[in-house]
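Spelled out from the first residue to the last, the chains are:
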Amino acid sequence: MTEKSTYDAASLPDLLPIYYKKLFPYGLYYRWLNYGGVPKSYFTNREFSFTLKDDVYIRYQSFADQQEMEKEIQKRCPYKIDIGAVFSHKPKDHKTVKAAAFQAQEKELVFDIDMTDYDDVRTCCSGADICEKCWPLMQIAVKILDRALEEDFGFEHRLWVYSGRRGVHCWVCDETARKLSQNGRTAVAEYLSLVKGGEHQNKKISLDTTRLHPFISQSLEIVKARFYDYAVKKQDFLGDEENHKKVLSLITDETLRTELEKNFTSKEYEENTSKTAWAVLRKHVETKKSEANYKGSKYVLEEIMLQYCYPRLDVNVSKGVNHLLKSPFCVHPKTGRVCVPIDPKKIDEFDPMAVPTISDILEELNSVEKEDSNKKTKEFNKTSLKECTQVFERFVKKLEETWKGKGKMIEQSDMTMEF
């Protein structure tokens with residue numbers, strides 16, 4: 001994982017006008033959020049919010065069509081765009097409507113996974129920082145959640161997006177997902193949540209001692225396949241006394257915990273490595289579990305692995321129909337990286353540090369435009385954004401097939417059919 005280029009945040013006000021004029025994929029974006037134009041108010045009643053320079057925040061933006069959206073974005077050049085719900089009335093008219101009548105009606109089911117929520121279990125970075133040693137946590141999260149959303153819930157239209165800095169977002173866009181009530185969204189989010197408890201609670205995963213739910217079993221398969229490489233090799237999660245204590249605090253059986261403490265502090269393990277410590281821990285647990293008087297969890301090893309690797313969801317983001325979430329194709333003002341769509345099937349190949357910055361793509365565009373005057377090729381297809389935009393296009397086209405199948409696809413003008 002290598003930093004692709006340097007980016008100067010001070011240059012953003014100069015770069016954004018060009019980015020929004022030449023590179024933002026308005027056509028595809030509109031086709032996504034218009035959902036085939038049925039009902040006709042679906043796009044016009046959608047809330048957008050803009051964060052402008054110096055943290056000026058404007059809510060309840062809404063647009064009549066793609067042209068108006070383009071014009072306003074290019075005029076304002078937002079540092080950040082958030083997408084909200086489809087309301088009962090046009091959000092820009094909300095002050096003229098009685099508060100009780102202005103209601104959020106539909107929105108994609110969304111998930112937000114942020115690396116800062118893993119700070120208690122990663123040893124390499126903290127806060128907004130990420131590196132190749134902790135990024136596998138995001139890969140595991142995408143694999144677990146994408147499988148469950150597809151196989152357990154039957155959701156077909158899932159848009160995964162890199163947040164531009166330290167996490168990933170998922171937009172579930174099936175009609176059934178968009179129409180979910182708050183209770184329905186909460187039920188899905190709770191089903192997918194295993195890590196419980198705040199920062200002052202050590203043990204955050206407790207599994208049923210009788211039989212694992214199939215969802216947990218399948219999630220464990222994904223974690224187990226990656227645990228050794230991630231936790232032992234990359235994180236050295238049992239590499240010192242402080243980390244020993246962290247892991248031992250997750251073991252409820254006192255006898256087992258005491259035995260392991262003695263092992264970890266003996267001279268034999270003075271120069272301990274996670275490889276040795278993990279082997280010792282596993283051996284002791286398996287031996288202890290076979291004893292008749294064992295009082296601990298039957299799944300103690302699985303609980304440790306899940307605590308260190310299972311996705312940590314911001315459940316509140318998923319529960320609310322009117323919760324705003326950062327839009328794809330924004331530019332993160334601190335890193336300069338574009339919030340690009342990701343193919344979940346290729347998440348292992350995705351390198352966040354290689355995501356193009358606004359500086360990179362404008363430089364690429366500039367050099368290409370000098371050599372290539374082909375007006376038919378969209379500008380972003382002449383830059384590093386091409387592959388990410390193709391992921392987005394495949395997603396939109398798959399959505400459009402469902403509208404055609406239901407007889408919902410309306411005739412679209414040449415303006416929207418850019419691709």
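Just so it is clear, the model here is predicted, and its values are computed rather than measured. (Residues numbered from 1 in each chain as written. Predicted model: local features only at pLDDT ≥ 70, side-chain atom pairs only at ≥ 80, totals over all residues. Heavy atoms only, no water.)

A. Main features of the confidence of the model for the protein. When the pLDDT values of the protein are averaged, the result is 90; 91% of them are 70 or greater. This model gives residues 407-419 a pLDDT under 50, and the stretch forms 28 contacts once residues within four places in sequence are excluded. (pLDDT = per-residue confidence, 0-100. Contact = heavy atoms within 4.5 Å.)

B. Seen up close, the pairing of strand E7 (residues 167-172). Most of E7 sits inside the fold, with six of its six residues counted as buried. A two-sided burial pattern is seen for E7, the buried positions comprising Gly-167, His-169 and Trp-171 on one face and Val-168, Cys-170 and Val-172 on the other. Direction of pairing for strand E5 (residues 109-114) relative to E7: antiparallel, over a ladder of six bridges. In the strand pairing of E7, Leu-109 is matched with Val-172. Sheet topology places strand E6 (residues 158-162) next to E7; five bridges connect them, and they run antiparallel. Counterpart to Tyr-162 in the pairing with E7 is Val-168. Between E6 and E7, which pair antiparallel in sequence order, lie four residues; one of them, Gly-164, sits at a positive phi of approximately 100°. (Buried < 20%, exposed > 50% of the residue type's maximum accessible area, 1.4 Å probe, protein only. Helix = DSSP H or I, 4+ residues; strand = E, 2+ residues; numbered from the N terminus. Pairing = 2+ DSSP bridges.)

C. Broad picture of the sheet that holds E7. Ordered in space as E5-E7-E6-E9, the four strands form an open sheet in which the pairing is antiparallel. Two strands close off the open sheet at either side, each with one partner strand: E5 and strand E9 (341-342).

D. Here's a closer look at the pairing of strand E1 (residues 46-52). Among the seven residues in E1, seven count as buried, and that is most of the element. Burial along E1 is two-sided: the residues Arg-46, Phe-48, Phe-50 and Leu-52 and Glu-47, Ser-49 and Thr-51 are all buried. Here E1 runs beside strand E3 (residues 80-87); their pairing, made up of five bridges, is antiparallel. Considered in E3, the bridge of Phe-48 is made with Ile-83. When E1 meets strand E2 (residues 56-61), the two strands line up antiparallel, connected through four bridges. Across the sheet, Thr-51 pairs through a bridge with Tyr-57, a residue of E2. The loop that links E1 with its antiparallel partner E2 comprises three residues; one of these, Asp-54, has a positive phi angle of about 60°.

E. Helix H9 (residues 241-248), seen in detail. Taken residue by residue, H9 has Asn-243, His-244, Val-247 and Leu-248 as its buried positions. Angularly, the buried residues of H9 cover 135° about the axis, an arc narrow enough to put them on a single face. For H9, the exposed residues lying more than 90 degrees away from the buried face are Glu-242 and Lys-245. Buried residues in H9 make contact with helix H10 (254-265), helix H11 (274-289) and helix H12 (300-309). Measuring from the backbone nitrogen of Glu-242 back to the side-chain oxygen at the start of H9 gives 3.2 Å, which picks out Asp-240 as the cap. (Arc of directions from axis to C-beta. Polar contact = N/O pair within 3.5 Å; in protein donor to acceptor, adjacent residues only side chain to side chain.)

F. Highlighting the environment of Trp-403. The residue Trp-403 is located in helix H15 (residues 386-405) in this model. For Trp-403, a relative accessible area of 5% corresponds to the buried category. Spatially, the C-alpha atom of Trp-403 lies 9.1 Å from that of Val-38, the residues being 365 residues apart in sequence.

G. Representation of the packing of aromatic side chains within the structure. Under the defined criterion, the tally for this structure stands at 31 aromatic pairs. With centroids separated by 4.9 Å and ring planes inclined at 35°, the aromatic side chains of Tyr-191 and Phe-215 adopt a geometry described as tilted. Highlighted residues: Tyr-191 in helix H7 (residues 182-192) and Phe-215 in helix H8 (residues 214-234), separated in sequence by 24 residues. Taken together, Tyr-19, Tyr-20, Phe-24, Tyr-26, Tyr-29, Trp-32, Trp-171, Phe-329, Phe-392 and Phe-395 form an aromatic cluster joined through their ring pairs. (Phe/Tyr/Trp six-rings, centres within 6.5 Å; stacked < 30°, edge-to-face > 60°.)

H. Molecular detail of the pattern of salt bridges. Within the structure shown, the criterion is met by 29 salt bridges. For Arg-31, the salt bridge goes to Glu-400, with nearest N and O atoms at 2.8 Å. Of this pair, Arg-31 sits in helix H2 (residues 26-34) while Glu-400 is found in helix H15, placing the two residues 369 residues apart along the sequence. The class of Arg-31 is buried, set by a relative accessible area of 1%. The class for Glu-400 is buried, based on a relative accessible area of 6%. (Salt bridge = Lys/Arg side-chain N within 4 Å of Asp/Glu carboxyl O.)

I. The arrangement of the state of the cysteines in detail. Applying the stated criterion to the full structure yields zero disulfides. Not part of a disulfide, Cys-77 finds its nearest cysteine sulfur in Cys-330, a span of 12 Å. (Disulfide = S-S within 2.5 Å.)

J. Layout of the nonpolar core. Among the nonpolar cores identified, the biggest contains 128 residues, and Tyr-19, Trp-32, Phe-237, Trp-278, Leu-281 and Ile-304 are the most heavily contacted of them. Excluding residues within four positions of it along the chain, Phe-237 makes contact with Phe-227, Ala-231, Val-232, Asn-243, Val-247, Ser-274, Trp-278, Ile-304 and Tyr-308. (Core = buried A, V, L, I, M, F, W, Y, C linked by side-chain atoms within 4.5 Å.)

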